[in-house]
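The residues making up each chain are set out below.
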Amino acid sequence: MLGAKFKLFPVLATVAVCGVGAANRPACADGADGTVISVTKAGAKCNGTTDDTGAIRTAATSMTAAGGTLRFPKGTCIIHGTIYLGSHTHVLGEDTTLRAALPWNDDQKKRYALMENIHYEGGAVVDADISVRHMTFDYGEVAQMTTPGGGKHALRFEFARDVVVQANTFQVRGAEDAVAGLGVQNMVVQDNHAYEFRNCAYDFWYGPSNVKLINNYAETETSTQMVNFNPERTAGDSSGMVAKGFAMFGNTLVATGPKAVPIQIEPLGAGTEVRDVTVIKNKLKNVYIVLRGNVRGAVIKSNTITGIAGGASAIETYSHFGATADSITVSDNKITDAQTNASEL
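In this text the structure is predicted, and so the values were computed from the model without any measurement.

### Examining the pattern of salt bridges
Okay, step 1: Within the structure shown, the criterion is met by nine salt bridges.
Okay, step 2: Across the pair Glu176 and Arg198 runs a salt bridge whose closest N-O atoms are separated by 2.3 Å. Of the two residues, Glu176 is situated in the loop between β11 (169-171) and β12 (177-182) and Arg198 in the loop between β14 (193-195) and β15 (200-205); the sequence distance between them amounts to 22 residues.
Okay, step 3: Among the residues examined, Glu176 registers a relative accessible area of 12% and is labelled buried.
Okay, step 4: Through salt bridges that share partners, Arg99, Asp138 and Arg173 make up one connected network.

Rendered as structure tokens:
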């Protein structure tokens, strides 16, 4: 019920992470053994015309088990298939664009991500300690490609832990997601910009845990959601699945179309649960917050919510499969919206 209190999920400040050109931040480590692998030395041209897929894959797979930095130059690297990352790989761009182009080689079971961890199958975490920084992901002409059997998520991590996605730009161009995390553990998504996504800017499902979404920007005219956090599997029975530990802090989310777009905190099916959520100090324009069904423990505090179009309320909770959100605190939000009144909160 609204107004009950619980212990805050402890993410109320910007995470100190490394990055090129980031003031007062440490330089990015080059991996446990100091390895730096340049995609250009592996043969990538990054001139906006040459197919760089093979060269970048060669560079990525040449990492030792200790890992290191996969360095991209300034320029535009053209790819015709997914780039796969192993554990302890730290991608570092320098005003670099990774642009998808046709024909697309969906060589591994209908994968349409521009970049993804390599051990994405199996249902258990294998890949760990991966970061992606200072890149622009551009779906290009592949965005409009029909993709039976798989969605188009620009940067996708599945069954990975200790992941950082920082200071990237996503030109999704009508494809589904900018960032997707399936079954991830300990993932920080910070200081990114996402545009023109059809489904979701930042999307987490399949029992994710300890996900932090900090100081990001997202803008779209029309999409299904802005942000999603749910426990469900992609397919099959999800009974007993839990998504836990989700923090949104300092993000700016803007829907420019005639209909408001939701942030969905939502167990989708029976027997699933979301726990321990904080949504604090975000700026939401034509974006509203939905807590659906079996959500246990959430704080919605100090957000600025304006201009909710299409009749939705700024903050909504409702029953689903017989379960109702519980232990929810809603306080100190600044809401400017004719559809929302105090009785609804």
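### A few points about the side chain of Gln225
Okay, step 1: With respect to the helices, strands and loops of the structure, Gln225 is situated in the loop between β17 (217-220) and β18 (227-229).
Okay, step 2: Setting aside residues up to four positions removed in sequence, Gln225 forms contacts with Phe197, Asn199, Cys200, Ala201, Val261, Pro262, Gln264 and Glu266.

### Re the sheet that holds strand β27 (residues 315-318)
Okay, step 1: Within the open sheet, the nine strands sit side by side as β5-β7-β9-β12-β15-β18-β21-β24-β27. Their pairing is parallel. Every other strand in the sheet has two partners, leaving β5 (83-85) and β27 as the edge strands with one partner each. Geometrically, the sheet is characterised by an average inter-axis angle of 15° between neighbouring strands, direction not taken into account.
Okay, step 2: In terms of strand pairing, β12 meets β15 through five bridges, oriented parallel. Considered in β15, the bridge of Asp177 is made with Cys200.

### What about the environment of Ala128?
Okay, step 1: With respect to the secondary-structure elements, Ala128 resides in strand β8 (residues 127-138).
Okay, step 2: Counting along the chain gives 41 residues from Ala128 to Ser87, while the straight-line C-alpha distance between them is 4.8 Å.
Okay, step 3: Once you skip the residues sitting within four places of it in the chain, Ala128 turns out to touch Ser87, His88, Arg161 and Asp162.

The rules we used
- Numbers given for residues are sequential positions, taken from 1 along each chain in its written order.
- Totals for whole chains, interfaces and linings use all residues, but because this is a predicted model, local features are given only for residues with pLDDT of at least 70 and pairs of side-chain atoms are given and counted only at 80 or more.
- The basis for every side-chain value is the complete set of heavy atoms in the structure, and neither hydrogens nor water enter the calculation.
- By definition, a salt bridge exists where a carboxyl oxygen of Asp or Glu is found within 4 Å of a side-chain nitrogen of Lys or Arg.
- Helix and strand assignments follow DSSP, with helices taken as H or I runs no shorter than four residues and strands as E runs no shorter than two, numbered in order from the N terminus.
- The cut-offs for exposure are 20% and 50% of the maximum accessible area for each residue type, with area from a 1.4 Å probe on protein chains only; residues under the lower value are buried, those over the upper are exposed, and the others partly exposed.
- Residues count as neighbours in contact if any of their non-hydrogen atoms are within 4.5 Å of one another.
- Two strands pair under a simple rule: DSSP has to find at least two bridges between them.
- Structural elements are reduced to axes, namely lines fitted to C-alpha atoms, with helices fitted over the stretch in contact, and the angle between N-to-C directions of any two is expressed from 0 to 180 degrees.

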